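Commentary on secondary and tertiary structure
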Amino acid sequence: MATTKTDPKLALAANGAKKNKLYEGLTREQLIRAYRFMYTSRRIDDREILLKRQQKIYFQMSGAGHEAIGVAAGLALKPGYDWFYPYYRDRALCLALGVKPYDMFLQGVGAAIDPSSGGRQMPSHWSYPDLHIVTQSSPTGSQILQAVGCAEGGRYFARHPKAAEIPTSPLLAKDARNGAPTDPTLPSFAQDPKDGPLAHSDYRQFKNVSFQGDEISYVSLGDGTTSEGEFWEAMNAAALGKLPVIFCVEDNGYAISVPVEVQTAGGSISRLVAGFPDFHFEEVDGTDPVASYAAFQRAVRHCREGHGPAFVHAHVTRPYSHSLSDDERLYRADAERERDAARDPVTRTQMFLLREGILDEKGINQLEQEVEAELQAAVDHALEALPPAPESIMKYVYSPDIDPTSSAFDTQPVVPEVPADGKKIPAKTMADVITATLRDEMRRDERIVIFGEDVGDCSREEYLKRKLVKGKGGVFKLTFGLQNEFGSDRVFNSPLAEAAIVGRATGMATRGLKPVVEIQFFDYIWPAMMQIRDELSVIRWRSNNGFSCPVVIRVAIGGYLTGGAIYHSQCGESVFTHIPGLRVVFPSNAQDAAGLLRTAIRCDDPVLFLEHKRLYRESFGRAPYPGPDYMIPFGKAKIVHPGTDLTVITYGAVVPRALQAAQKIEREQGVKVELIDLRCLNPFDWDAIAASVQKTNRVLVAYEDTLSWGYGAEIAARIADQLFDHLDAPVRRVAAKDVFVAYQPILEDAILPQPNDLYLAMKELAEY
Ligand SMILES: Cc1ncc(C[n+]2csc(CCOP(=O)(O)OP(=O)(O)O)c2C)c(N)n1
Ligand SMILES: [Mg+2]
């Protein structure tokens, strides 16, 4: 293909004495290649702009002005070896890494065979798994923390190479045999010859890992994007870990219409970041491919040699306004635009090639004609490509390989035999059982890493080693002892930065690790919301299954704490059940917590695992530890109390309260309540709800979150829609008042649903 190799004829102008001259290590042939990529990049932008005006594509974002720095990075790094988190201006980088113009036009037309997303994402949102170009989104800067996590993942596998292996029987088979017949459609490694398929119950079967000892994570962003908090969190994390990440800031002086001096204190991002330790810093004219290549070479060397991260600040131009929807003449004076035009990287490089006698005018013309012909063919071909089928929209919301609702995740608890002396097997708290499950899973799977705020036993390891301290292990102590047993590579404290916890975990999981991270309180999950909503949950879908990131996020949630107040007591799960691609689990007792947490860890989807703080050590719901292989499929409710007169649907800390009310109404009024604990909120067990409502004809939905727009609204709406004929009474909800949880216990009691509220609602419904 013309864009990837240099026509030897063109280099003929490489004449005489200068023939072997190197330009910062680049040969004359490499410079011609670089120019070809740059010119191709610019002309793809021009073609796309035309196609957009002809309404043949639907969006355009140009990389104009950023070509030289992109090509320099592409030549200095290795596709399929290093990892790339580019942004939308990195067209020239992608071309230099091996993406074909045809692939780019397929993005524009939204073709089914568009390798980036199959028509799901805008053009210039790059995703090419084979080249290690990781799927990119639109929020500015949300890729940066993932690049850091990606580097951490690579380092982890280099230190723990056995973790990268895909386990074979009997390790896998041990937990996975369910007696299902052999499935001929499964890949051979997923089959156990004796016992049928390995039941699709371990994400590692589908998560191949590759890593290199000296690999680099590249991430780029614009000057405006350095104002995002995640940028600073990422810089800090990269410096703390001395990670091999190259941050490339492509500074075109503007973020849409906002100039750099309004964006960056003092007007220079280089000056602001200069204090980060262990970084190598470069500030370069990013319109000059030779200077840019030299800067990148030095940055690459620093990272490959393990000295830490690098920061390349490239001054570039933006000749085509921000996008097709923007006209920069509205906010930039002509003189300023002319100054930029004089530095245009494509013309500049062309002049350089002529001046150095690397190409003559004929050579330039020939190269440009070849590019034009290639692009014409690519456009023609792409315009013939078929759009995706509307029926495909739900594909890859979740893993196509592992179904956590399946019987593969349905195993029996293994509880130690009752001792001869007849003493009862000790019942464990939900907190104890969660710790035991984490410990057993970490023993079984070396890809699991645990991090978050305070989750380690002690960051100053020598205190632990010398037994000077016992260790903390989480503010609720659920990870206590895990750093001690598994080491600080696998269990460690993170900086106090929730977006960084989830963003880094996402990058690690993309590489095949299984991060089980902790958000200390649900009330503080919000800084991570962008990562959860726009990245973690959507990466598989938007990349058309090119990438996935099955992270588990454990979160302490809920009230009834007497004193927790507004910022330690909130629920809010419906905000997350509203997100496609995210599994949401909310157990009410020890045994369910163990079974569901194990399913969360072994499955192939991102999971939000909500742990009610009030239930951690409650006597309700204690149980013996159900063993190291106990799993419960997602989306299967539990009938906590069978009944015939009224269905109560609930979960979490309302379960024991509803049970209390159900027992009272049965005692006092003879009303038999069927109490359903959903356990898993997305997916949820519609079949269990429908069967019960058809039997009782009366239904109450109860939850701790605020009433309006809450989780129960969806359940109530579905019941009204699909079970209307079976109802003898209106669907009722009992939930928190539409206000925040207050500190004074009298107020908290009035705000959160109490057993008596549930009792009264049950009575009213039974009598209706
Ligand atoms: C989080 C977020 N906020 C706002 C936007 C809208 N937006 C898209 S690009 C952009 C400006 C980015 O400027 P800069 O980082 O300098 O990159 P450039 O486009 O100049 O290369 C803005 C505000 C967005 N995509 N994401
Ligand atoms: Mg900018």
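Here's what I pulled together on the structure shown here. Note that the coordinates shown come from a computational prediction; the quantities given were computed from them, not determined experimentally.

We now examine the environment of Lys672. Assignment of secondary structure puts Lys672 in the loop between helix 22 (654-669) and strand 18 (673-677). On the basis of relative accessibility, which here comes to 38%, the residue Lys672 falls in the partly exposed class. Spatially, the C-alpha atoms of Lys672 and Ala766 are 9.4 Å apart, while their sequence positions differ by 94 residues. Once you skip the residues sitting within four places of it in the chain, Lys672 turns out to touch Gly643, Thr644, Asp645, Leu646 and Glu666.

Quick look at helix 18 (residues 529-536) now. Listed as buried for helix 18 are Met529, Gln531, Ile532, Glu535 and Leu536. Check the buried side of helix 18 and you find it contacts helix 5 (144-159), helix 7 (229-240), helix 17 (498-510), helix 19 (539-542), strand 13 (552-557) and helix 20 (573-577).

Considering all chains together, one arrives at 24 aromatic pairs under this definition. Where Phe476 meets Tyr616, the ring centres are 5.4 Å apart and the plane angle is 50°; that geometry is what we call tilted. Taken together, the positions of Phe476 in the loop between helix 15 (461-465) and helix 16 (482-486) and Tyr616 in the loop between strand 15 (607-612) and strand 16 (638-641) put the pair 140 residues apart, joining distant regions of the chain. Considered together, Phe476 and Tyr616 belong to a single accessibility category, that of buried residues.

Together, Lys470, Lys472, Lys477 and Arg617 make up a region of like positive charge exposed at the surface. Residue position: Lys470 is located in the loop between helix 15 and helix 16. Take Lys470: its relative accessible area is 67%, and that puts it in the exposed class.

All right, on to the pairing of strand 9 (residues 310-315) then. With five of six residues buried, strand 9 is to be regarded as a mostly interior element. As paired strands, strand 5 (residues 245-251) and strand 9 are joined by six bridges and run parallel to one another. Across the sheet, Phe247 pairs through a bridge with Phe311, a residue of strand 9. With six bridges joining them, strand 8 (residues 280-285) and strand 9 adopt parallel strand pairing.

Reading across the sheet, the five strands line up as 16-18-17-20-21 and stay open at both edges, with mixed pairing between neighbours. With partners counted over all chains shown, the strands left at the sheet margins are strand 16 and strand 21 (732-736), one partner each. Taken over all neighbouring pairs, the strand axes of this sheet differ in orientation by 25° on average, direction set aside. Relative to strand 18, strand 17 (residues 646-650) runs parallel, the two being bridged by five bridges. For Val648, the partnering residue across the bridge sits in strand 18 and is Leu675.

Here we take up the nonpolar core. Of all hydrophobic cores here, the largest spans 87 residues; its most connected members are Phe247, Ile553, Phe576, Leu678 and Ile719. Residue contributions to this core peak at eight residues, all from helix 5. Beyond its immediate stretch of four places on either side in the chain, Phe576 contacts Phe522, Ile525, Trp526, Met529, Ile532, Leu582, Val584 and Leu608. With 70 residues, the next largest nonpolar core counts Cys603, Tyr630, Ala661 and Ala662 among its residues.

Right, let's talk about unusual backbone geometry for a bit. In this structure, the amide linkage connecting Asn682 to the following residue, Pro683, adopts the cis form with an omega of 5°. With respect to the element layout, Pro683 can be found in the loop between strand 19 (680-682) and helix 23 (686-696). In this structure, Ser124 is a non-glycine residue whose phi angle is positive, near 65°. Positionally, Ser124 belongs in the loop between helix 4 (101-109) and helix 5.

Calculation rules
- Residues numbered from 1 in each chain as written.
- Chains lettered and ligands numbered in written order.
- Predicted model: local features only at pLDDT ≥ 70, side-chain atom pairs only at ≥ 80, totals over all residues.
- Heavy atoms only, no water.
- Helix = DSSP H or I, 4+ residues; strand = E, 2+ residues; numbered from the N terminus.
- Buried < 20%, exposed > 50% of the residue type's maximum accessible area, 1.4 Å probe, protein only.
- Contact = heavy atoms within 4.5 Å.
- Phe/Tyr/Trp six-rings, centres within 6.5 Å; stacked < 30°, edge-to-face > 60°.
- Patch = residues over 30% accessible without salt bridge, like charges linked within 9 Å, V, L, I, M, F, W, Y side chains within 5 Å.
- Areas by Shrake-Rupley, 256 points an atom, 1.4 Å probe, with all protein chains shown as cover.
- Salt bridge = Lys/Arg side-chain N within 4 Å of Asp/Glu carboxyl O.
- Lys, Arg positive; Asp, Glu negative; His and termini not counted.
- Charge placed at Lys NZ, Arg CZ, Asp CG, Glu CD.
- Pairing = 2+ DSSP bridges.
- Axes fitted to C-alpha atoms, helices over the stretch in contact; angles between N-to-C directions.
- Core = buried A, V, L, I, M, F, W, Y, C linked by side-chain atoms within 4.5 Å.

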